[in-house]
Amino acid sequence: MSFSQTKSEIEELLENHANGLYTSGEVVSIVIGLFDESNIDELWETLPDWLKKNICSLLADFSEIDELVSFGRGDPELIRKQNLFVRNWLSRNSYI
């Protein structure tokens, strides 16, 4: 997915959150899943502060041994790898 498509998806997600269709936790989880090597730097800068804070808070203490419950949203092992990727990026960039 291109940066502009991902950014549009996040904007729509945030609009739906503002309209009560998604909880903050759902938004955090979905956005974490949208990051990849090619877009994380640029996407991070477009996120509202509350979302950045919640992502940092969620992943600050996340580790490989944490048990995940995916509620059928995806493969827990892929979610774990994605969370670790984002956590490591946050750490390298001094956000956590």
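What you see is a predicted model, and the numbers here were worked out from it, not measured in a lab.

### Brief notes about the overall build of the chain
- Broken down by element type, the chain carries five helices and zero strands.
- Going from N to C terminus, the chain has its helices and strands arranged as α-α-α-α-α.
- Taking 12 Å as the expected radius of gyration for a compact globule of 96 residues, we find that the chain reaches 13 Å, a close match to that expectation.
- Dimensions of the chain, computed from C-alpha atoms along their principal axes, come out at roughly 35 × 30 × 25 Å.
- In the chain, buried positions account for 34% of the 96 residues.
- Nonlocal contacts in the chain, meaning residues at least 24 apart in sequence, comprise 55% of its contacts between residues at least 6 apart.

### Considering the packing of aromatic side chains
- Within this structure, the stated rule accounts for four aromatic pairs.
- Centre to centre, the rings of Trp44 and Tyr95 are 5.1 Å apart; their planes meet at 50°, and the pair counts as tilted. In this pair, Trp44 sits in helix α3 (residues 40–46) while Tyr95 sits in the segment after α5 (76–92), placing the two residues 51 residues apart along the sequence.
- Of the residues examined, Trp44 reaches a relative accessible area of 1% and is grouped as buried.
- Taking relative accessible area as the criterion, Tyr95 reaches 36% and is therefore assigned partly exposed.

### A short note on the packing of helix α2 (residues 24–34) against helix α4 (residues 49–59)
- One can describe the packing of α2 onto α4 by two numbers: an axis separation of 10 Å at closest approach and a directional angle of 80°. With respect to α4, the axis of α2 lies roughly perpendicular. Seen from α2, the contacting residues are Ser24, Val27, Val28, Val31 and Ile32; seen from α4, they are Trp50, Leu51, Asn54, Ile55, Leu58 and Leu59.
- When the residues that make up the contact of α2 with α4 are grouped by side-chain class, the tally is nine nonpolar, two polar and no charged.

### Some points on the nonpolar core
- Counting 23 residues, the largest nonpolar core has Val31, Phe35, Ile55 and Val86 as the members making the most contacts within it.
- Taken together, the elements giving at least two residues each to this core come down to α1 (3–18), α2, α3, α4 and α5.

### Some thoughts on the confidence of the model for the chain
- In this model, the chain carries an average pLDDT of 91, and 93% of its residues clear a pLDDT of 70 or more.
- In the model of the chain, α5 stands out as the element of lowest mean pLDDT, 92, in contrast to α4, which has the highest, 96.

### So, the environment of Trp89
- Looking at the element boundaries, Trp89 is found in helix α5.
- Contacts of Trp89, omitting those with residues within four sequence positions, involve Ile40, Asp41, Trp44 and Tyr95.

Analysis parameters
- Residues numbered from 1 in each chain as written.
- Predicted model: local features only at pLDDT ≥ 70, side-chain atom pairs only at ≥ 80, totals over all residues.
- Heavy atoms only, no water.
- Helix = DSSP H or I, 4+ residues; strand = E, 2+ residues; numbered from the N terminus.
- Rg over C-alpha atoms; globule rule 2.2 N^0.38 Å.
- Buried < 20%, exposed > 50% of the residue type's maximum accessible area, 1.4 Å probe, protein only.
- Contact = heavy atoms within 4.5 Å.
- Phe/Tyr/Trp six-rings, centres within 6.5 Å; stacked < 30°, edge-to-face > 60°.
- Axes fitted to C-alpha atoms, helices over the stretch in contact; angles between N-to-C directions.
- Parallel < 35°, antiparallel > 145°, perpendicular 65-115°, else oblique.
- Nonpolar A, V, L, I, M, F, W, Y, C, P; charged D, E, K, R; others polar.
- Core = buried A, V, L, I, M, F, W, Y, C linked by side-chain atoms within 4.5 Å.
- pLDDT = per-residue confidence, 0-100.

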